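Coordinate inspection notes
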Amino acid sequence: MSKKYLYIPHMVNAAGVLALEHPWRFFGNIATLLGANEINALMDKLSNRGFWALVRRGQLAKAVELMRSRASWSFVSRLYYHFYADKMEELERPIARGERYSPGPVAGDPRPLFVLTNSLPHTQSGYTVRSHQLLRSLKASGVSLSAVTRVGYPVVVGKLPGGPREIVDGIPYFRILPFSLPFLESRRREYYVRGIVTVAKTVGANILHTTTDFKNAQAVAEAAEVLGIPWVYEFRGEPQSTWLSRFDASEQNEMKDSTYYKAATSRELESAQAADAVLTLSDTYKKILSSEASIDAEKITVVPNSVDEEFLEKKFDKSAIRSELGLENFQYVGAVSSIVDYEGFDVLIRSIVCLPDHWKVLLVGDGVARSSLIKLADELGVRERLIMVGRKPNKDIWKWYAALDVFAMPRRDQQVTRRVTPIKGLMAQALGIPVVASCLPALVEITGGHANYFVAGDEEGLARAILQAAEKNHTFVDRAWMSQYTWSGNGQKLIELYRYLLSSRKSSNPSGLSDDDSLGDASQNGWN
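These figures come from a predicted structure and were not determined experimentally.

**Some points on the overall build of the protein chain**
When its secondary structure is counted, the protein chain shows 23 helices and 14 strands. Classification of the 528 residues of the protein chain by burial places 56% in the buried group. Look at the contacts in the protein chain between residues 6 or more apart in sequence, and 76% of them connect residues 24 or more apart. With the model as given, the accessible surface of the protein chain reaches about 22,700 Å², and the carbon-plus-sulfur share is 50%.

**Topic: the environment of Ala-293**
With respect to the helices, strands and loops of the structure, Ala-293 is situated in the loop between helix 13 (283-292) and strand 8 (300-302). Classification of Ala-293 as buried rests on a relative accessible area of 2%. In sequence terms Ala-293 and Gln-273 are 20 residues apart; their C-alpha atoms lie 7.3 Å from each other. Setting aside anything within four residues of it in sequence, one finds Ala-293 in contact with Leu-269, Gln-273 and Ile-288.

**Overview of the packing of helix 8 (residues 185-203) against helix 9 (residues 214-227)**
The interhelical angle for the contact between helix 8 and helix 9, taken along N-to-C directions, is 45 degrees, at an axis separation of 9 Å. In terms of orientation, helix 8 and helix 9 fall into the oblique class. Here helix 8 and helix 9 pass one another in a crossing that is right-handed. Residue-level contacts link Glu-185, Arg-189, Tyr-192, Val-193, Ile-196, Val-197, Ala-200 and Lys-201 of helix 8 to Lys-215, Asn-216, Gln-218, Ala-219, Val-220, Glu-222, Ala-223, Val-226 and Leu-227 of helix 9. By residue class, the composition of the contact of helix 8 with helix 9 is ten nonpolar, two polar and five charged.

**Looking at the nonpolar core**
Judged by nonpolar contacts, the single largest core of 71 residues is most densely connected at Phe-51, Tyr-84, Leu-113, Ile-196, Leu-208 and Trp-231. For this core, the leading source of residues is helix 9, giving eight residues. Leave out the neighbours within four places in its chain, and Ile-196 touches Leu-113, Val-115, Ile-176, Leu-208, Ala-219, Val-220 and Ala-223.

**Considerations on the sheet that holds strand 2 (residues 146-151)**
The mixed open sheet is built from eight strands, whose spatial order is 3-4-2-1-5-6-7-8. The open sheet has two edge strands with one neighbour each: strand 3 (165-168) and strand 8. Neighbour to neighbour, the strand axes of the sheet diverge by 25 degrees on average, direction disregarded. For strand 7 (residues 277-280) and strand 8, the ladder comprises three bridges, and the chain directions are parallel. The residue of strand 8 that forms the bridge with Leu-279 is Thr-301. Contacting strand 1 (112-116), strand 2, strand 4 (171-176) and strand 5 (207-211), helix 8 runs over the sheet at an angle of about 165 degrees to strand 2.

**Examining the packing of aromatic side chains**
A full pass over the atoms with the stated rule returns 17 aromatic pairs. With 4.9 Å between their ring centres and 75 degrees between their planes, Phe-51 and Trp-52 make a pair best called edge-to-face. Take Phe-51: its relative accessible area is 6%, and that puts it in the buried class. When its relative accessible area of 11% is taken as the criterion, Trp-52 is described as buried. Between the aromatic rings of Phe-83 and Phe-183, the centroid separation amounts to 4.8 Å while the plane-to-plane angle is 40 degrees, which identifies the pairing as tilted. Of the two residues, Phe-83 is situated in helix 6 (residues 75-92) and Phe-183 in the loop between strand 4 and helix 8; the sequence distance between them amounts to 100 residues. Taking relative accessible area as the criterion, Phe-83 reaches 1% and is therefore assigned buried. Among the aromatic residues, those joined into a cluster by ring pairs are Phe-51, Trp-52, Tyr-80, Phe-83, Tyr-84 and Phe-183. Taking the ring centre of Trp-398 as reference, the NZ or CZ of Lys-314 above it sits at 4.5 Å.

**Observations regarding the pattern of salt bridges**
Overall, the coordinates contain 28 salt bridges when judged by the stated rule. Among the ionic pairs, Arg-68 bridges to Glu-65, the shortest N-O distance being 3.2 Å. Remark: Glu-65 and Arg-68 occur in helix 5 (residues 60-70); sequence separation between them is three residues, near one turn of the helix. With a relative accessible area of 44%, Arg-68 lands in the partly exposed category. Among the residues examined, Glu-65 registers a relative accessible area of 43% and is labelled partly exposed. Of the charged contacts in the structure, one is a salt bridge between Lys-399 and Asp-396, with a shortest N-O distance of 3.9 Å.

**What to know about the sheet that holds strand 10 (residues 359-364)**
Reading across the sheet, the six strands line up as 11-10-9-12-13-14 and stay open at both edges, with parallel pairing between neighbours. Only two strands of the sheet have a single partner each, and these edge strands are strand 11 (386-390) and strand 14 (452-454). Averaged over neighbouring strand pairs, the angle between their axes works out to 25 degrees when direction is ignored. Lying over the sheet, helix 16 (residues 370-380) contacts strand 10 and strand 11, oriented at roughly 160 degrees with respect to strand 11.

**A look at the confidence of the model for the protein chain**
Should pLDDT be low for a region, the predicted coordinates there are not to be read in detail. Summing up the model confidence of the protein chain, the mean pLDDT is 89 and the portion of residues at 70 or higher is 88%. Across residues 100-107, where pLDDT falls below 50, the model places 23 contacts with residues more than four positions away in sequence or in other chains. In this model residues 506-524 is a low-confidence stretch, pLDDT under 50, and it forms 36 contacts with partners more than four residues away in sequence or in other chains.

Reading the values: the criteria
Residues numbered from 1 in each chain as written. Predicted model: local features only at pLDDT ≥ 70, side-chain atom pairs only at ≥ 80, totals over all residues. Heavy atoms only, no water. Helix = DSSP H or I, 4+ residues; strand = E, 2+ residues; numbered from the N terminus. Buried < 20%, exposed > 50% of the residue type's maximum accessible area, 1.4 Å probe, protein only. Contact = heavy atoms within 4.5 Å. Areas by Shrake-Rupley, 256 points an atom, 1.4 Å probe, with all protein chains shown as cover. Axes fitted to C-alpha atoms, helices over the stretch in contact; angles between N-to-C directions. Parallel < 35°, antiparallel > 145°, perpendicular 65-115°, else oblique. Left-handed = near helix turned anticlockwise from the far one by under 90°. Nonpolar A, V, L, I, M, F, W, Y, C, P; charged D, E, K, R; others polar. Core = buried A, V, L, I, M, F, W, Y, C linked by side-chain atoms within 4.5 Å. Pairing = 2+ DSSP bridges. Phe/Tyr/Trp six-rings, centres within 6.5 Å; stacked < 30°, edge-to-face > 60°. Lys NZ or Arg CZ within 6 Å of the ring centre and 35° of its normal. Salt bridge = Lys/Arg side-chain N within 4 Å of Asp/Glu carboxyl O. pLDDT = per-residue confidence, 0-100.

Structure below.
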């Protein structure tokens, strides 16, 4: 029997905990996976009433107070009072600040442990691709490394792992899989810390490298303090701003005053201040951190989203690729992306009305906005010109880029899109596919000024940009500019940073916990 089926009880338990934590969101997510849009809409309505409306809108202090007033009514009221009171305490929990490091001469080879939210092969996203590419680039340079994912992953996203350690392209991903997923977030964090420390001891890690959000930073900061090793915090985005983008523009100022938004923003900036080094995806975000969090610019290293060098020299036959993918002979504008509201694909669909009939929109990926985009295309009478193919295997994803005549990044003008650079456009540019993009600071930086830009939200402007880009047919790839956006180059940046931090370690032995404090013997966890 496959080892995967040994984790079915873990998944059942995790499903029960997550359903109890927020039933309407849990069953709404299930409905989305099954394509049951009507059920998902019902769950969304139910989550926007009473206590759950306060939770949805980040008003946790009010939600806790409401449950406190009802705590004598029933066991369920007391349960939710304790859960959300604990959640609010975790939101307010400061990031541990260990002893500062004063780097001197380089000493020792880096052995990083990446602490991640999600990973391949169970989650296919920009986040997981970036993590894996950074790990691959380090491994290719001879660095001994490992990765570990959050408590309960991947069973908390409905996937069964192959074991407590999974190898992907030679990269070991460790899983922290309690049989019973802790209900309270404080207990999950404690389990997370013990898991990180145990894996670090198992692999002999001498540096911890984690990413947004701040929950990772809370656990990693505590683990690093116990182990006596430095840690790095990588800003991959702004989860609180992504959350904010789900609300209408008229509601966003109110949401910025919510318990969640204010506390999450504070914890993210605090994470940057507490870490021994900070990574960002762009110079745009480096400047933001320097001004908003008062972080010394010398502490921040820009490690941009990138591509494999092989794609800079890739030769391909577009017609043959389209035939292989089952695409008819039309002109295609589209994207490989998560299908979410802030990506602005509604604007792209509206723009197709302004384009000649031989143009179609091709979207590769999936997400919560899928059903609303299909509905919009029906209303505009262009459903036959919208092709949505869902998620595709990573090994073939470049072909979907190559099949396009124009790659589109029509992101809405929101805080998160102005500040965070996506990974998706670089592959298109490496393959010589013309790019159109909203004129936003993060997009202008990541495309290097080599795209056709339009005012965000302007479908007619987007249509003009598409036609202008298509006239180029095949974009000349600026090798000098693209050379700063390779994963191998990023790997060398990380090695230099790690060596710099390791030059004055507090301890040469990364085993700060006694065996009694860990999650148990490594062999019992199956990690050896």
